[in-house]
Every structure is written in C-alpha cells, then in structure tokens.
Amino acid sequence: MVRVLVVDDHEIVRKGIIAYLQTEDDIEVVGQASSGNKGAELVLQLRPDVVLMDLIMDDGTGIEATKQIMGDYPECKIIILTSYYDDEQIFPALEAGAFSYILKTSAAPEIAAAIKKAAKGENVIEPKVAGKMMSNFRAEQKKPHDELTEREMEVLLCIGNGMTNQEISDKLYIGIKTVKTHVSNILSKLDVNDRTQAAVYVHRNQLL
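Figured I'd write up the structure that's included with this text. Small disclaimer: the values here were computed from a predicted structure and weren't measured.

### A few points about helix α9 (residues 176-190)
For α9, with 15 residues, the first-to-last C-alpha span of 21 Å sits near the 21 Å given by 1.5 Å per residue. If you check which residues of α9 are buried, you get Val179, His182, Val183, Ile186, Leu187 and Leu190. Down the axis of α9, the buried side of the element spans an arc of 135 degrees, and every buried residue falls inside it. Among the exposed residues of α9, those oriented more than 90 degrees off its buried face are Lys177 and Ser188. Against the buried residues of α9 lie α7 (150-160), α8 (165-172) and α10 (195-204). Backbone geometry just after α9 places aspartate 191 at a positive phi near 60 degrees.

### Details of the pattern of salt bridges
A side chain of one charge can pair with a side chain of the opposite charge if their charged atoms are brought near each other. Under the definition given, this model contains 7 salt bridges. The shortest N-O distance in the salt bridge between lysine 38 and glutamate 41 comes to 3.9 Å. In this pair, lysine 38 and glutamate 41 are both assigned in helix α2 (residues 36-46), 3 residues apart and thus about one turn of the helix distant. The partly exposed category is assigned to lysine 38, whose relative accessible area is 38%. Via salt bridges that share partners, Asp8, Asp54 and Lys104 belong to a single interconnected network.

### Re the pairing of strand β3 (residues 50-53)
Here β3 shows two buried faces, one formed by Val50 and Leu52 and the other by Val51 and Met53. Both strand β1 (residues 2-7) and β3 contribute to a ladder of 4 bridges, which runs parallel. Residue pairing in the sheet places valine 4 in a bridge with valine 50 of β3. Direction of pairing for β3 relative to strand β4 (residues 77-82): parallel, over a ladder of 4 bridges. What sits directly across from valine 51, in β4, is isoleucine 78. The parallel pair β3 and β4, bridged by helix α3 (residues 62-72), forms a crossover whose chirality is right-handed.

### Quick look at the nonpolar core
Ranked by size, the top nonpolar core spans 25 residues in total, and within it Val51, Met53, Ile69, Ile78 and Ile80 carry the most contacts. Those elements giving two or more residues to this core turn out to be β1, α2, β3, α3, β4, α4 (87-96) and β5 (100-103). Sequence-distant contacts of isoleucine 69, that is, excluding residues within four places in its chain, are made with Ala40, Val43, Met53, Pro74, Cys76 and Ile78.

### Description of the packing of α7 against α10
The angle between the axes and the distance between the axes are what describe a pair of packed helices. Running from N to C, α7 and α10 cross one another at 95 degrees; their axes reach a closest spacing of 8 Å. By the angle class used here, α7 and α10 are roughly perpendicular. Every residue of α10 that contacts α7 at Leu156, Leu157, Ile159 and Gly160 is listed here: Arg195, Ala198, Ala199, Val202 and His203. Residues belonging to the contact of α7 with α10 are distributed by class as follows: 6 nonpolar, 2 polar and 1 charged.

### Some details on the side chain of threonine 66
Mapped onto the fold, threonine 66 is located in helix α3. Relative accessible area serves as the criterion here: at 0%, threonine 66 is assigned to the buried category. Aside from chain neighbours lying at most four places away, what touches threonine 66 is Met53, Ile78, Ile80, Ala93, Ala96, Gly97 and Ala98.

### Notes on the packing of aromatic side chains
In this structure the tally under the stated criterion is 0 aromatic pairs. Arginine 47 extends its terminal NZ or CZ atom over the ring of tyrosine 73, reaching a point 4.6 Å from the ring centre.

### Side note on α2
Three or four residues apart is the spacing at which side chains of an α-helix point the same way, because the helix has 3.6 residues per turn. The set of residues buried in α2 consists of Gly36, Gly39, Ala40, Leu42 and Val43. Around the axis of α2, the buried residues are gathered within 165 degrees of arc, so they sit on the same side. Elements in contact with the buried residues of α2: β1, β2 (27-33), β3 and α3. Following α2 by one or two positions, arginine 47 has its phi on the positive side, about 50 degrees.

Conventions we followed
Residues numbered from 1 in each chain as written. Predicted model: local features only at pLDDT ≥ 70, side-chain atom pairs only at ≥ 80, totals over all residues. Heavy atoms only, no water. Helix = DSSP H or I, 4+ residues; strand = E, 2+ residues; numbered from the N terminus. Expected span 1.5 Å × (residues − 1). Buried < 20%, exposed > 50% of the residue type's maximum accessible area, 1.4 Å probe, protein only. Arc of directions from axis to C-beta. Contact = heavy atoms within 4.5 Å. Salt bridge = Lys/Arg side-chain N within 4 Å of Asp/Glu carboxyl O. Pairing = 2+ DSSP bridges. Right-handed = clockwise from strand over helix to strand, strands pointing away. Core = buried A, V, L, I, M, F, W, Y, C linked by side-chain atoms within 4.5 Å. Axes fitted to C-alpha atoms, helices over the stretch in contact; angles between N-to-C directions. Parallel < 35°, antiparallel > 145°, perpendicular 65-115°, else oblique. Nonpolar A, V, L, I, M, F, W, Y, C, P; charged D, E, K, R; others polar. Phe/Tyr/Trp six-rings, centres within 6.5 Å; stacked < 30°, edge-to-face > 60°. Lys NZ or Arg CZ within 6 Å of the ring centre and 35° of its normal.

Structure representation (structure tokens):
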C-alpha cells in the first residue's frame, strides 16, 4: 500500500484527485494540505511514501516545501503536479529534490501510475518537461568555441600553434586586417583577454 499526501491550494482540484486515488486498491491517501508549509509539517507527522505537490500556492511554494521535506525526510518521494512547465519552475523544483514532474493535464490514471512508480523508485517526467531538460543540458554542454565560425576556428588553431598574424595571413591566404578582425571576434566569443589566453584555451580544450 502506497501512503500518499496531497498538497494543493485549490480545494476542488485537491478533492478531485483524492476522490480518484481512493478508488485505487493499492493507494492510501493519509492526508491533505492546502499550503506548502502545512504540507511540510504533515510529512513529519504522517510519514507518507509519496507527496503529490502543487507548485504555486499562497502560503509557501511547492519548491520551498520540497526543500524542507527533503531536508527533514529524504526517504519521501515528491511528485510535482502543476500547470507550469517553464524553466523558472522546472529546474528549481528538480534541484530542490522533486522525484517526478507531471502536469495537471495528465489523466487521473496517469497520476496514479506515477505515484505507484515513485514508490518503486521509478520517476516520471512529463514529455514537455523532459524536452526542456534536454535542451538545457545541451546548452550547458556547449563550449564557447562552438560559437566560432569555421574560419574563426582555423585562426584560433593557428593562435594555438603560436603563429603571428602575418603567419596566419600567409597560411590562410587572408589579409592582415581580416586576421585581426577574426582574432578580435575570437577573443570576444571565448571571453579571454589576449592571444596568450586564447592559446591556453586551445590546449586546455585539446582542440589541436
């Protein structure tokens, strides 16, 4: 039997969720709260297996409550159930310790399934949320040199090899002014102060 606490400040939503969960033979709703602060208090009293947590509430947000619960009772699995899936909500909630993240547009059986999976240690991330997470991950994985043009990369590698502007000009068959323009753009994009730092960047990132 999975013991569940439901935290949502919208009474109709909260009672509707509870009414459905009570039809599930292997789920027991042990309590409910209309605020994040009250939910965090009840967790310590009731020790539920899973908390179904709304995000935006008048008295204490779901993110704040999640942090508190994870600090006081880390064994609990918190499922965020919300209408919001913007970056300002998703990442702080997951960083706070939320185990799963689903939307209120989910069907009732999907919510019940997410609760049962959480109890087994299997998390559920709404596809829209997962897409944002992957986009954020890819953005974090990008290096400054990924922003360089093909020609700028060629110039950067020449800098890494210790070549002067004239030597770069001769090697790439471009004018000195063009080389200087590329060097200036490279320093700006890599956020370094001079050619020496650019050369260090090349070797540190093993670009040669």
